[in-house]
Every structure is written in C-alpha cells, then in structure tokens.
Amino acid sequence: MMQLNRFTAPAIGMALAVSLQAQPSNGGNRGPGGPPSFISTFPLTAALDTNKDGVISAEEVAAADQSLKKADKNGDGKLRADELIPRFGGRSSRKGRSSRGGVVSSQPTPPEKLSLTNGTGRIPDLATFDKLSYQGEEVLIDTHLANWQFVKFQIVGVDKDEPVTYFINTKTHRSHGKFMREIGIGSRRGSMAGVLIYRPLKKAPNGEPGMFTFEYQPFDAYPFEQIQMSHDLLTKHMPILKGRLGYYPMPQRALPLYHEEKEKYDAAEFPVVLDEDLESDIGFLPLNSAESFGRLRLMETGELPSSRDVVVYKTLPNEMPRVAGVITAVRQTPLSHVNLRAVQDGVPNAFITGAAENKTITSLAGKLVYYKVNKNGYELREATEAEVDKHFAAIRPAEPQSPKRDLSVREIRPLDKISFGDSGIFGVKASNLAALHTIGLPAGTVPSGHAVPFSFYDEFMKHNGLYKKAKVMLADEVFQKNRDKQIAQLKAFRKTIEQATMPDWMMERLAKLQAAFPEGQGIRCRSSTNNEDLPGFSGAGLYDSFTHKPSEGHLAKSIKQVFASLWNFRAFEEREFYRIDHFTTAMGVLVHPNFSDEAANGVAVTDDILYQTKGNYYLNTQVGEDLVTNPEANSVPEELLLNWWKPNEHKVMRQSSLAKGEGLLMSDKHLTQMNECLGKIHARFAKLYGKSLDDKKFAMEIEYKITKDGNLSIKQARPWVY
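Bear in mind the structure is a predicted one, so any value in this text is a computation, not a measurement. (Residues numbered from 1 in each chain as written. Predicted model: local features only at pLDDT ≥ 70, side-chain atom pairs only at ≥ 80, totals over all residues. Heavy atoms only, no water.)

1. A closer look at the pattern of salt bridges
Step number 1: Scanning the entire structure with this criterion turns up 28 salt bridges.
Step number 2: Note that Arg297 is salt-bridged to Glu303, the shortest N-O span being 3.4 Å.
Step number 3: Residue classification places Glu303 among the partly exposed positions, given a relative accessible area of 36%.
Step number 4: Glu574 is the partner of Arg322 in a salt bridge, and the nearest nitrogen-oxygen pair spans 3.9 Å. Separated by 252 residues along the polypeptide, Arg322 in the loop between β9 (309–313) and β10 (325–328) and Glu574 in helix α22 (residues 569–577) bring together distant segments of the chain. In terms of burial, Arg322 and Glu574 fall into one category: buried.
Step number 5: Through salt bridges with shared partners, a single ionic network connects Arg322, Arg341, Asp345 and Glu574. (Salt bridge = Lys/Arg side-chain N within 4 Å of Asp/Glu carboxyl O. Buried < 20%, exposed > 50% of the residue type's maximum accessible area, 1.4 Å probe, protein only. Helix = DSSP H or I, 4+ residues; strand = E, 2+ residues; numbered from the N terminus.)

2. Describing the sheet that holds strand β17 (residues 546–548)
Step number 1: Read from one edge of the open sheet, 5 strands run β14-β15-β18-β16-β17, paired in antiparallel fashion. Of all strands in the sheet, those bounded by a partner on one side alone are β14 (413–414) and β17.
Step number 2: Strand direction decides the pairing type here: strand β15 (residues 450–452) and strand β18 (residues 587–593), joined by 3 bridges, are antiparallel. By the bridge assignment, His450 is partnered in β18 with Val591.
Step number 3: Contacting β15, β16 (523–529), β17 and β18, helix α20 (residues 504–515) crosses the sheet at an angle of about 165 degrees to β15.
Step number 4: Along the sheet face, helix α21 (residues 556–564) touches β16, β17 and β18 and points at about 135 degrees away from the line of β18. (Pairing = 2+ DSSP bridges. Contact = heavy atoms within 4.5 Å. Axes fitted to C-alpha atoms, helices over the stretch in contact; angles between N-to-C directions.)

3. Quick notes on the sheet that holds strand β1 (residues 119–120)
Step number 1: Reading across the sheet, the 6 strands line up as β1-β3-β2-β4-β5-β6 and stay open at both edges, with mixed pairing between neighbours. Each end of this open sheet is capped by a strand with a single partner; those strands are β1 and β6 (245–247).
Step number 2: Sheet topology note: the strand β2 (residues 149–156)/strand β3 (residues 164–168) ladder contains 4 bridges and is antiparallel. Across the sheet, residue Gln154 finds its bridge partner in β3, namely Tyr166.
Step number 3: Running at roughly 135 degrees to strand β5 (residues 209–216), helix α8 (residues 224–237) makes contact with β2, β3, β4 (191–203), β5 and β6 of the sheet.

4. Examining the packing of helix α15 (residues 428–436) against helix α23 (residues 668–688)
Step number 1: Two numbers describe how α15 lies on α23: the axes approach to 11 Å, and their chain directions differ by 125 degrees. The angle between the axes of α15 and α23 places the two elements in the oblique class. When you trace α15 past α23, the crossing you get is right-handed. Residues Asn432, Ala435 and Leu436 of α15 form the contact with α23, whose own contacting residues are Ile681, Phe685 and Leu688.
Step number 2: Of the residues that constitute the contact of α15 with α23, the class distribution is 5 nonpolar, 1 polar and no charged. (Parallel < 35°, antiparallel > 145°, perpendicular 65-115°, else oblique. Left-handed = near helix turned anticlockwise from the far one by under 90°. Nonpolar A, V, L, I, M, F, W, Y, C, P; charged D, E, K, R; others polar.)

5. A word on the environment of Gly121
Step number 1: Locating Gly121 in the fold gives a position in the loop between β1 and α6 (126–132).
Step number 2: For the pair Gly121 and Pro110, spaced 11 residues apart in the sequence, the C-alpha separation amounts to 8.3 Å.
Step number 3: Those residues in contact with Gly121, other than ones at most four positions away along the chain, are Pro111, Thr165, Phe167 and His237.

6. Structural notes on the environment of Tyr198
Step number 1: Along the polypeptide, Tyr198 turns up in strand β4.
Step number 2: Each C-alpha atom of the pair Tyr198 and Arg244 lies 9.8 Å from the other, and the pair is 46 residues apart in sequence.

7. Examining the pairing of β4
Step number 1: Judged by how many residues are buried, β4 sits mostly within the fold: 11 of 13 residues are covered.
Step number 2: By the bridge criterion, 8 bridges tie β2 to β4 in an arrangement that is antiparallel. Residue pairing across strands places Lys152 opposite Val195, the latter belonging to β4.
Step number 3: Pairing analysis gives 7 bridges linking β4 to β5, with the strands arranged antiparallel. When the sheet's bridge partners are listed, Val195 is paired in β5 with Glu215.
Step number 4: Counting the residues between successive antiparallel strands, the hairpin from β4 to β5 contains 5 residues, one of them, Gly207, with a positive phi of roughly 90 degrees.

8. Regarding helix α7 (residues 176–183)
Step number 1: Among all positions of α7, only His176, Gly177, Phe179, Met180 and Ile183 are buried. Looking straight down α7, one finds that the buried residues subtend no more than 160 degrees of arc, so they occupy a single side.
Step number 2: On the buried face of α7, the contacting elements are β2, β3 and β4.
Step number 3: With its phi angle positive at about 95 degrees, Gly184 sits one or two positions after the end of α7. (Arc of directions from axis to C-beta.)

9. Describing empty space enclosed by the protein
Step number 1: The full count for this structure, using the stated rule, is 2 cavities of 30 Å³ or more.
Step number 2: Of the voids in this model, the largest cavity is the one considered here, and its volume is about 60 Å³.
Step number 3: By residue class, the composition of the lining of the largest cavity is 5 nonpolar, 3 polar and 3 charged. (1 Å grid on protein atoms, 1.4 Å probe; cavity = no way out; pocket = protein on both sides within 12 Å on 5 of 7 lines; lining within 4 Å. Points joined across faces, edges and corners; volume = space filled by probe spheres on them.)

10. Quick look at the environment of Ala324
Step number 1: Among the structural elements, Ala324 can be located in the loop between β9 and β10.
Step number 2: A residue is classified by how much of its surface remains accessible, and Ala324, at 1% relative accessible area, is buried.
Step number 3: Measuring from C-alpha to C-alpha, the distance between Ala324 and Arg295 comes to 8.3 Å, with 29 residues separating the pair along the chain.
Step number 4: Excluding anything up to four places from it in sequence, Ala324 contacts Ser292, Phe293, Gly294, Ser307, Arg308, Asp309, Val310, Val347, Pro348 and Phe392.

11. Overview of the nonpolar core
Step number 1: Residues Phe460, Leu510, Ile559, Phe563 and Trp567 are the most contacted members of the largest nonpolar core, which totals 40 residues.
Step number 2: Of all the secondary structure elements, the ones that give two or more residues to this core are α16 (454–463), α17 (466–475), α19 (483–499), α20, β16, α21, α22 and β18.
Step number 3: Excluding residues within four positions of it along the chain, Phe563 makes contact with Phe456, Tyr457, Phe460, Ile497, Met502, Met587 and Val589.
Step number 4: By size, the runner-up hydrophobic cluster in this structure holds 39 residues, among which are Leu415, Ile425, Phe426 and Leu441. (Core = buried A, V, L, I, M, F, W, Y, C linked by side-chain atoms within 4.5 Å.)

12. Observations concerning unusual backbone geometry
Step number 1: For Asn147, which is not glycine, the phi dihedral falls at a positive 70 degrees.
Step number 2: The backbone phi angle of Asp597 is positive, close to 55 degrees, even though this residue is not glycine.
Step number 3: Along the chain, Asp597 falls in the loop between β18 and β19 (600–605).

13. Overview of the side chain of Thr445
Step number 1: Along the chain, Thr445 turns up in the loop between α15 and β15.
Step number 2: Of the residues examined, Thr445 reaches a relative accessible area of 1% and is grouped as buried.
Step number 3: Discounting residues that sit within four places of it in the chain, Thr445 has contacts with Gln673, Cys677, Leu712, Ser713 and Ile714.

14. Focus: the packing of aromatic side chains
Step number 1: By the definition in use, this model includes 30 aromatic pairs.
Step number 2: Arranged with centres 6.2 Å apart and planes meeting at 70 degrees, the rings of Tyr467 and Phe583 form a pair that is edge-to-face. On the criterion of sequence distance, the pair formed by Tyr467 in helix α17 and Phe583 in the loop between α22 and β18 is long-range, its members being 116 residues apart.
Step number 3: With a relative accessible area of 19%, Phe583 lands in the buried category.
Step number 4: Members of the aromatic cluster, joined through ring pairs, are Phe153, Phe214, Tyr216, Tyr222, Phe224, Tyr247, Tyr258, Tyr265 and Phe270.
Step number 5: The cationic tip of Arg322 hangs over the ring face of Phe577; the distance from NZ or CZ to the ring centre is 3.5 Å.
Step number 6: A cation sits over an aromatic face here: Arg575 above Trp567, 5.5 Å from the ring centre. (Phe/Tyr/Trp six-rings, centres within 6.5 Å; stacked < 30°, edge-to-face > 60°. Lys NZ or Arg CZ within 6 Å of the ring centre and 35° of its normal.)

Now the structure itself:
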C-alpha cells in the first residue's frame, strides 16, 4: 500500500479542489480547452485522473492507492515534496530553451493542413482573428487574460533555420498543451508558447486605434533575439499586425531579462509595453456601446446635425441635438453632455484617435452607414436606405406618452417641505435635491433653496394664451416638414415667452421668494421638469438654467427664461422623437443661492461607468467654473477612481489640463467626504427607486462643487442611465 507522508494529505485536497473547479456548471460537460492540461500540471492530480478527462471522479479517488504509484518516481513507496512539485517549467536559458523536458515531435500536422477548428498558420484579417479568439472568464490559470480578446500561438522549432508558427483556435483549445497533443507536437522543448492580445483602447505604434501585444508564459524568459524573431514571425503570418504590435514582458521572469537587455529593445522597431503603459496613450474609448444607422457627416464648427446623422467632430460641441451616432477626434469624458445625450438616446459614441483623417471613416462621408461601438472596437460600413428606415422605425415609440403632472399645488415651497414623491409637482431635480437633505450628509453640503411648482408655468402659459400659439405653430405644415423653420419659429416663441407678463399673484409670490435671499446675493434658477432626471431618461442638457443677478430687477425675468427653455429646439426634437406630449410636459424651477468663484466643479457616478473596474466611484473634476458637462475647447478634466471601501485609496487616470503642478484638485479631506456622501446617496436612492444595493444596472450621478471657501457642495443627484 502506498505510504502517505505529511505532504500527501494537502495534495489530495488540492486534487479534489481542482476536480471541483474543473467541473462546469452545465451539467458536467467539459468546455473546449478545459481542465485536463491544468490537472496534468500537478503530478498528484495527473496520477489520480486515470482516464484523462479532466475530472477526478469518486471512483478515481477510491482507486488512489494504485494511481498514486505513478507519482512515486523513485519507487520507494513514498511521495516526497519534490515528487509533488507542479510542472510549470522554469526560466529558459539564454538560448531560449524552456526548462520543460522532452523533444518536439518530428511529424506534427503542418499549419497549412490544419482545420480552422484547431488553428491556422496565417491570419489574413481581423475577421479571422475574431474566429480564432476567445474572450470571457474561462481562462484556466491565465487569470490576467479574463475578458480580453486573445489568440494563443505556438512557434515550433525555434532552434531550426525555419521555425513554424501556429495560431491556435483558442475557442476550441484554451491551453497550449491540448492543442499540441491534438496536432502531434510531443513536448514544448524547442518551442515558444505565447498569447496575442487585442487591446482596443490602446493607441498602436502607427497612431491608429487598437493595439496588439504578445507575451509568453509567466515562467518563460526568452532573450531579445528570440523576441525579435517571434515578432517578425507574427507580423509575417498576420500582416495586419504591422505597426500595431508590441511586446509585453511578463513580470515574473521576462521583465527582469528585459531590463538587462533594455538597450537592444530601445533600438528595436517594435515597442515594449509595460504595466504603466497599458492605461496611457488611449487611442479608442467606447463612451456608449450601441449600434445605429444614419448618414455620416464630417462636422464643421457651427453646423447643426439632424437626428439621422452619424457625426464626426474634430472638437467637442457644447450643445448637440439628437443624432444617430457620435465619433470625436478628441477624447471625451463619459459625463459630458455629449455622452449623456448619447447614453440617453441609445446611440453609439466613441473617441477614435485621428478620426477626421482616418480613411476608413472619411471615405464614407456623405453616405448611409451602419455604426457600432463596443468595448472591443468599432464597426463602420456602408448601409442601405432600407436598413436605415427600418432601424428608425424600430426604435421610435409607437404610442404617445404623457408625463406625470400635478397642478394642484400653487405655493412655492422650501426644500425641507418637499419629499421625494413630489416630483410630479416640482420636477425630479427639485425633489431629488430635497431628498439629499434627508440622508444625513454633513451640514452645508446640500444647498438650501425653494421650488416653484408646475402650476406657475401652467398658469403663466394660460394667462398669455401661449398654449394656443404653440398648437398653431406645431400644426403648421411648413413647421412640421422644415427643420430650419422649426429652429427659427421655436426661437421666436421663446422670445415671446420671455416678454410675456405674469399674473399679479405670481409676481407677488416670486417677489417674496426673492426677498428671502440676502441683499446682493445672486440667485440660481434651475430647470426642473417632469421630462428629465428619470430612471432611463436623464434629459441632460435639454433645458436651461439661469443666474439672476441683483441688477436684473424682479426675479420673474429669470423664471421666464427657464420657462422658455422648455421650448428649446433640442428639447422639442427629443420629445417629438419619443412622442412625448409637449403640452403635459411642465417646467418647475429650483431656486437656491448661486455659487460663484468656485475652486472646482465636477460630476461623480457611484460606479465605474468607464473602465468597468469593481468597487470604485468614477469622478471628473475641473478647475473653477469650466464645467465638466460642457467643457471649453481642449479642456481635459481630472479623472479619478475612488475606492468604495477605502476612503483614502484612489487612482488618478488623467490629470486636469488646467491644473497647476501635479497635485489633485480635491484634497484628501474632500475625497474622504465625497466617499462618505456617495455611499449614502447610492444606498438611499436605491431604496427610493426600489432597487437592490447590488443591482449592476443602478447608479447615481451627482454634480458637485468645491466652493471658494474650500467646502464640498453637492447640488444635484439623478439616476445614471445605463
């Protein structure tokens, strides 16, 4: 009987653990490239798995006495530590020889005779790479590859005059070992087992979006000459890699060798990509993953796109009506109004470096196109008119919609007299700010203020006969068919609203509200409708807010400007597309002290909505009054990930273009306070909106400022639209 020593019991435990992990959740059928190569790495588990199916069954455990004799290499009836060491392999020699034993089979299947099910010797295009690549969670021990798109490769005969390159069908064969056994490669000596990874966000060496990197196994380290050779072979057999391929030295053994040979790499034609490089020099950024159809237009400053245009901008527009898709040549923030609009409308939006000069893009200018964005890149091709018409018919609601509107309340109320459920009276922006006052945030964090109800807007419109005028305008056939007429007539209608008179009782109540503010205090009047800040519909940027200055006289002036913004062209067009009733849409006004000369402003989301990391808040902050949502040209906000659980732990993804020096725009004190506030806001509003705390499709977006006195102020909260 095999004598078990103190090393054996833990090993059997490991064997059983591996066996359990190897069994998939689909009823026991092992997926492609599954566990056998992993189990065979461990001498003990390899011995127990007698039928080599990747699962250690109860019968195989019962027969362990006989099976374990295979692991007893010296035949002394004992299993010693050296006989239980996993066969991961060691650092290769200077000649590039792997520490793994054995020789290469003399008659493996040549690449040109492989079926694509197993692999190929040449990848002519991205479509073939897609067919061979795997992307997901089932990556065996290569955990760093999880969710990356990759193809494994094998270079055989590296010590021969003509090495042979195999690209492995990684959907079928997740491990090199399984592929080698399938095509008759006897062992790994004399071969190099690597991985080719597509990194869509990274700018390639040739300046185009999307870079590939190649790497080898964690415990292999090859000298520069063999890395150069493998680079040349990969680009020879996959031509699309030329100008887009870099070498990533794995940190365990390859990275130290890279540093020893750095002078050679510095002189090489291909780049070396280190960990710190992977998050820099972004060439593509998917701001909103979606697909759409439309006419591709290269936009010039001042041009106005239509709702069926896929637009290409060299710089970010501060204001944009509904479009079919967005491409920008400058990097966006996901919290800009451009992207919030794209998220709201469900249209694809991406930053693509050099977009305005990219021939793939510019060659389609003026043509109907299909445009798709996802985390792996973008697709742009010519489309037919039938495809475009079918797409727009499918996405527009079939039935009209009437937003909730309660006109029963006729008095202006302070925020502490308003509840979350009063959004049908005062608008979501006002009711959400009122709710912020009830969740225990530090005193002074949320501004105090008042809310003007929808009934004021309704009575004002009736008093001046403005509803009737609006209906005449909308019924006009020229208005309905001519977009330029719509823009011009809506502008004229807004001017009519601003010049109209208010009933005396309304003027009196607004004067009383104005008198409640200290003399000389600027008053911020913010739109708060029943058509924005909703779950699934943010309405960001549709309506306008105004600051009433002490020199402007009666507060009614700014209130009417806010009322008029309900008839902005961008807002009208959005409601028209979604078939939202223009006449049940109502405008309330949130009124509070104006912030001036703030040190910084920003927007935060209670989830990492850009990089998709777990356990982080996403923050954009900018200096002074240069808004994150509507930045000045070439303005880049500070981009930061703030850890949910560790208030003092954060990661800076980008520095502000306006910051002086290398410090953050928010102090450690501010970040700690922000962490606490975001946690409370998320928890409270999840409950208010009937969501669970771990709902992956719920997050809150807030707007905040650092005042001139250095205090954190949160001025808005609304659901993030996924």
